[in-house]
Amino acid sequence: GDSVTQTEGLVTVTEGLPVKLNCTYQTTYLTIAFFWYVQYLNEAPQVLLKSSTDNKRTEHQGFHATLHKSSSSFHLQKSSAQLSDSALYYCALRGGTGNTGKLIFGLGTTLQVQP
Amino acid sequence: DPKIIQKPKYLVAVTGSEKILICEQYLGHNAMYWYRQSAKKPLEFMFSYSYQKLMDNQTASSRFQPQSSKKNHLDLQITALKPDDSATYFCASSQEAWGSQNTLYFGAGTRLSVL
């Protein structure tokens, strides 16, 4: 079946250093879109990035990700982590034509940015 | 102001009882969803509704019944509650249900504990 795998658990990084959160997937959908959601403590998950174009870099709020269908990946990266980036990050996959809105999520990765 | 309102934020119930989780969205969207997040599991798709009609149901148990009294409402009735139902339930919406590019927007969730 379709699945999304993320870096498990907690990723700790020092402020100002780069960060990378891994996301790989398995799917039978021919048309797909990928999303990164961020969830701050006691808030709703909110979309951070989305992409459906192979090998095209998508950027938002200093984060970037590139969908690589050849390696089934959509890793999230930032060149310089900020304290305010500390949150729970979800990678999610959505199928194309005929899909009824179902997003397939990974387990989530908690990012902790230390001073 | 939150555009997707979920009530209550926290809910404690006894085994065997019945509860209703409320969701209202003020984004003008035509599709609404319920997702569940249990401990150590990814966000799990439950239902999708489009123009107040059920599009997809991935919940095996009939104890979970969505109710759409208005286009911008999608409540979730849970009967005969079990401890395994303890989870955070997220409501979400998108402009349309179909198409991989439609972004889902989430509410802050209702955390249900069944004793």
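Rules behind the numbers
- Residues numbered from 1 in each chain as written.
- Chains lettered and ligands numbered in written order.
- Predicted model: local features only at pLDDT ≥ 70, side-chain atom pairs only at ≥ 80, totals over all residues.
- Heavy atoms only, no water.
- Contact = heavy atoms within 4.5 Å.
- Buried area = accessible area lost by both parts, 1.4 Å probe.
- Salt bridge = Lys/Arg side-chain N within 4 Å of Asp/Glu carboxyl O.
- Polar contact = N/O pair within 3.5 Å; in protein donor to acceptor, adjacent residues only side chain to side chain.
- Helix = DSSP H or I, 4+ residues; strand = E, 2+ residues; numbered from the N terminus.
- Nonpolar A, V, L, I, M, F, W, Y, C, P; charged D, E, K, R; others polar.
- Pairing = 2+ DSSP bridges.
- Axes fitted to C-alpha atoms, helices over the stretch in contact; angles between N-to-C directions.
- Core = buried A, V, L, I, M, F, W, Y, C linked by side-chain atoms within 4.5 Å.
- Buried < 20%, exposed > 50% of the residue type's maximum accessible area, 1.4 Å probe, protein only.

### A closer look at the interface of chain B and chain A
The partner chain A presents 26 residues to the 28 residues of chain B that form the contact. For the pair chain B and chain A, the two sides together bury roughly 2,000 Å², of which 52% comes from carbon and sulfur. Counting every contact that joins chain B to chain A gives zero salt bridges. At the boundary of chain B and chain A, one finds five residue pairs in polar contact (both at pLDDT 80 or more). Per-element tally for the side of chain B that touches chain A: the top contributor is strand β4 (residues 31–37) of chain B, with three residues. Residue composition of the side of chain B that touches chain A, by class: 14 nonpolar, nine polar and five charged.

### Describing the sheet that holds strand β8 (residues 63–66) of chain A
Residue and element names in this part refer to chain A. A sheet is described by the order of its strands in space; here four strands give the open sequence β3-β9-β8-β7, paired in antiparallel fashion. Every other strand in the sheet has two partners, leaving β3 (19–21) and β7 (57–60) as the edge strands with one partner each. Adjacent strand axes in the sheet meet at a mean angle of 20 degrees when their direction is disregarded. Pairing of β3 with strand β9 (residues 76–78), which is carried by three bridges, proceeds in the antiparallel orientation. Counted as the bridge partner of L21 is L76 from β9.

### What to know about the nonpolar core
Ranked by internal contacts, the top residues of the largest apolar core, which has 26 residues, are F34, W36, L48, L76 and Y89 of chain A. Setting aside chain neighbours within four positions, we find F34 of chain A in contact with Y25, L49, K50, S51, L67, F74, C91, A92 and L93 of chain A. Counting residues in each nonpolar core, the second largest holds 20 residues, with M46, L74, Y89 and C91 of chain B among its members.

### Things to note about unusual backbone geometry
In this model, K7 of chain B is joined to P8 of chain B through a cis peptide bond whose omega is -10 degrees. Within the secondary structure, P8 of chain B sits in the loop between β1 (4–7) and β2 (10–13). Look at N55 of chain A: it is not a glycine, yet its phi comes out positive at around 65 degrees.

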